[in-house]
Amino acid sequence: MDFNVKKLASDAGVFFSRAMQFTEEKLGQAEKTELDAHFESLLARADSTKNWTEKILRQTEVLLQPNPSARVEEFLYEKLDRKVPSRVTNGELLAQYMTEAANDFGPGTPYGKTLIKVGETQRRLGAAERDFIHSASINFLTPLRNFLEGDWRTISKERRILQNRRLDLDACKARLKKAKAAEAKAALWSDEVEKAEQELRLTQTEFDRQAEVTRLLLEGISSTHVNHLRCLHEFVESQTNYYAQCYQYMVDLQKQLGSSKGEIFSGTFVGNAESTSPPAATSPPAVAAASLPAVPTIPVVPTIVGVPSTVAESVLNPNEVKPPASGTRKARVLYDYEAADSTELALLADEMITVYSLPGMDPDWLIGERGNQKGKVPVTYLELLS
């Protein structure tokens, strides 16, 4: 019991001494032991590392999970040491809605088919996003969080101990100074001087030892930067792979949608089933359409009086026509195209075909030949070559 009382009294005395020293330093009434310039530089670098790591960590969390409520939920699960429940991504939820809509409208209709295609791509995008978030969390967020919750806490603890050691050292210096001043007035204070000098030597030793421990920890910040640099490279690699996947998924989807445009514009929607007019000149990418060179045509032969050119085209059988003596060109196919009927020629992206125009044809269409196959093809799906 007496030991505990003495310890509490001793601790209270030390706390009071440190508080007095700290207050007098703030008021400019006491001297303060300054750390060397290199040590101060290490302290500033450590503080900067901690502050920027916190900001980068928090903003990366926002990037990966923009929903603040979801972030709070994940934080609570993490603190409770429980597994975070799997959450459906926005892309996967959109895919679900599109699929359900397609089933409601009819999966065999043009709109239903397109909804299914787009929905499947959204599902793949959502899955890719999930993989990216998982990879970024493990390879980037976790190391940053480990530094803040591990190494930085250790550094902060040792810095606080060093601060206390310095306050004790400066308090001892102040007591020794007072003892020497009193000794000059009365020889009876010689014991106080000796005691103060002994305390000063002890506190100086403890301060030096703690300063060395803290210095080593602060110098370890360089290793932290190296580790975070490696993690940053892994984060960029994960992000690059994610966006590359997304780009490829969208390119594939664009090709799928491009191949069905002829069917859509041929009037297969409900209410347009009897329309026989060729597709409008709608180019999937505007840039590709703008780069198409002029199509050379054979002089148009006058049509029969009273018979529209569209009628002449509608009764035209491409398999019975012969290519003109001049005016044929090579063309590269830009997108897959499904033939709407027997008069059209199905196309595959990147293949080369021969094309030419016939009198009375819609300018948005050409006759295409591939070996023994022949049929109408839309100009917007082609890159005409010189």
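Note that this is a predicted model, so its numbers are computed, not measured.

In the contact formed by helix α2 (residues 37-64) and helix α5 (residues 110-183), the axes pass within 10 Å of each other and the chain directions differ by 150 degrees. By the angle between their axes, α2 is roughly antiparallel relative to α5. Crossing of α2 against α5: the hand is left-handed. The residue makeup of the contact of α2 with α5, split by class, is 16 nonpolar, 4 polar and 6 charged.

If you check helix α4 (residues 90-105), its first and last C-alpha atoms are 22 Å apart, about what 16 residues at 1.5 Å a residue would give, namely 22 Å. Regarding α4, the residues found buried are Gly 91, Glu 92, Ala 95, Met 98 and Ala 102. Axial view of α4: buried residues confined to an arc of 120 degrees, hence all on one face. Projecting away from the buried face of α4 at angles above 90 degrees are the exposed residues Asn 90 and Asp 104. At its buried positions, α4 is contacted by α5. Directly after α4, the chain includes Gly 106, whose backbone phi takes a positive value near 115 degrees.

Counting buried positions over the 5 residues of strand β2 (residues 352-356) gives 4, a clear majority of the element. Bridge analysis of β2 against strand β3 (residues 365-370) gives 3 bridges, and the strand direction is antiparallel. Looking across to β3, one finds that Tyr 356 is bridged to Ile 367.

A few words now on the side chain of Thr 224. Its place among the elements puts Thr 224 in helix α7 (residues 221-259). Note on Thr 224: relative accessible area 10%, which makes it buried. Excluding residues within four positions of it along the chain, Thr 224 makes contact with Phe 147 and Asp 151.

Turning our attention to the pattern of salt bridges. Inspection of every chain in the model, using the stated rule, returns 17 salt bridges. The shortest N-O distance in the salt bridge between Arg 58 and Glu 61 comes to 3.6 Å. Of this pair, Arg 58 and Glu 61 both sit in helix α2, 3 residues apart, which is roughly one turn of that helix. Look at the salt bridges and you will find they share partners, linking Asp 36, Glu 212 and Arg 215 into a network.

Take the nonpolar core next. Within the largest apolar cluster, 34 residues are counted, with the highest numbers of intra-cluster contacts made by Phe 39, Phe 132, Phe 140 and Leu 218. Ranked by residue count, the leading element in this core is α5, at 16 residues. Discounting chain neighbours no more than four positions away, the residues touching Phe 132 are Leu 64, Phe 235, Ser 238, Gln 239 and Tyr 242. One finds Ala 331, Met 361, Trp 365 and Leu 382 within the second-largest nonpolar core, a separate group that totals 20 residues.

Moving on, we get to the sheet that holds strand β4 (residues 373-378). An order of β4-β3-β2-β1-β5 is seen for the 5 strands of this open sheet, with the pairing classed as antiparallel. Every interior strand has two partners, whereas the edge strands, β4 and β5 (382-384), have only one. Here the average twist between neighbouring strands, direction ignored, is 40 degrees.

For α5, with 74 residues, the first-to-last C-alpha span of 104 Å sits near the 110 Å given by 1.5 Å per residue. When the local axis directions of α5 are compared, the greatest deviation, roughly 40 degrees, occurs at Ser 137.

All told, the structure shown has 8 aromatic pairs when counted by the stated rule. Relative to Phe 235, the ring of Phe 132 lies with its centre 6.2 Å away and its plane at 35 degrees, an arrangement referred to as tilted. Within this pair, whereas Phe 132 is found in helix α5, its partner Phe 235 is found in helix α7, the two being separated by 103 residues in sequence. For Phe 235, a relative accessible area of 10% puts it in the buried group. Ring centres of Phe 132 and Tyr 242 lie 4.9 Å apart, and the angle between their planes is 5 degrees; on these two criteria the pair is classed as stacked. In this pair, Phe 132 sits in helix α5 while Tyr 242 sits in helix α7, placing the two residues 110 residues apart along the sequence. The same class applies to Phe 132 and to Tyr 242, which are both buried. One aromatic cluster in this structure is built from Phe 132, Phe 140, Phe 235, Tyr 242 and Tyr 243. Sitting above the plane of the Trp 52 ring, Lys 55 keeps its charged end 4.6 Å from the centroid.

Taken together, the side chains of Val 72, Phe 75 and Leu 76 make up a nonpolar region of the molecular surface, amounting to roughly 290 Å² of accessible area. Looking at the secondary structure, you find Phe 75 in helix α3 (residues 68-79).

Per-residue confidence for the protein gives a mean pLDDT of 81, with 78% of residues at or over 70. The secondary structure element of the protein with the lowest average pLDDT is helix α9 (residues 286-290), at 39, and the one with the highest is α2, at 96. Taken as a whole, residues 265-315 scores under 50 in pLDDT and shows 62 contacts with residues more than four places along the chain or in a different chain.

In this section: unusual backbone geometry. Of note in the backbone geometry, Asp 350 takes a positive phi value of approximately 75 degrees without being a glycine. Relative to the assigned elements, Asp 350 resides in the loop between β1 (329-333) and β2.

The rules behind the values
Residues numbered from 1 in each chain as written. Predicted model: local features only at pLDDT ≥ 70, side-chain atom pairs only at ≥ 80, totals over all residues. Heavy atoms only, no water. Axes fitted to C-alpha atoms, helices over the stretch in contact; angles between N-to-C directions. Helix = DSSP H or I, 4+ residues; strand = E, 2+ residues; numbered from the N terminus. Parallel < 35°, antiparallel > 145°, perpendicular 65-115°, else oblique. Left-handed = near helix turned anticlockwise from the far one by under 90°. Nonpolar A, V, L, I, M, F, W, Y, C, P; charged D, E, K, R; others polar. Expected span 1.5 Å × (residues − 1). Buried < 20%, exposed > 50% of the residue type's maximum accessible area, 1.4 Å probe, protein only. Arc of directions from axis to C-beta. Contact = heavy atoms within 4.5 Å. Pairing = 2+ DSSP bridges. Salt bridge = Lys/Arg side-chain N within 4 Å of Asp/Glu carboxyl O. Core = buried A, V, L, I, M, F, W, Y, C linked by side-chain atoms within 4.5 Å. Bend = angle between axes of the 7 residues up to and from the residue. Phe/Tyr/Trp six-rings, centres within 6.5 Å; stacked < 30°, edge-to-face > 60°. Lys NZ or Arg CZ within 6 Å of the ring centre and 35° of its normal. Patch = residues over 30% accessible without salt bridge, like charges linked within 9 Å, V, L, I, M, F, W, Y side chains within 5 Å. Areas by Shrake-Rupley, 256 points an atom, 1.4 Å probe, with all protein chains shown as cover. pLDDT = per-residue confidence, 0-100.

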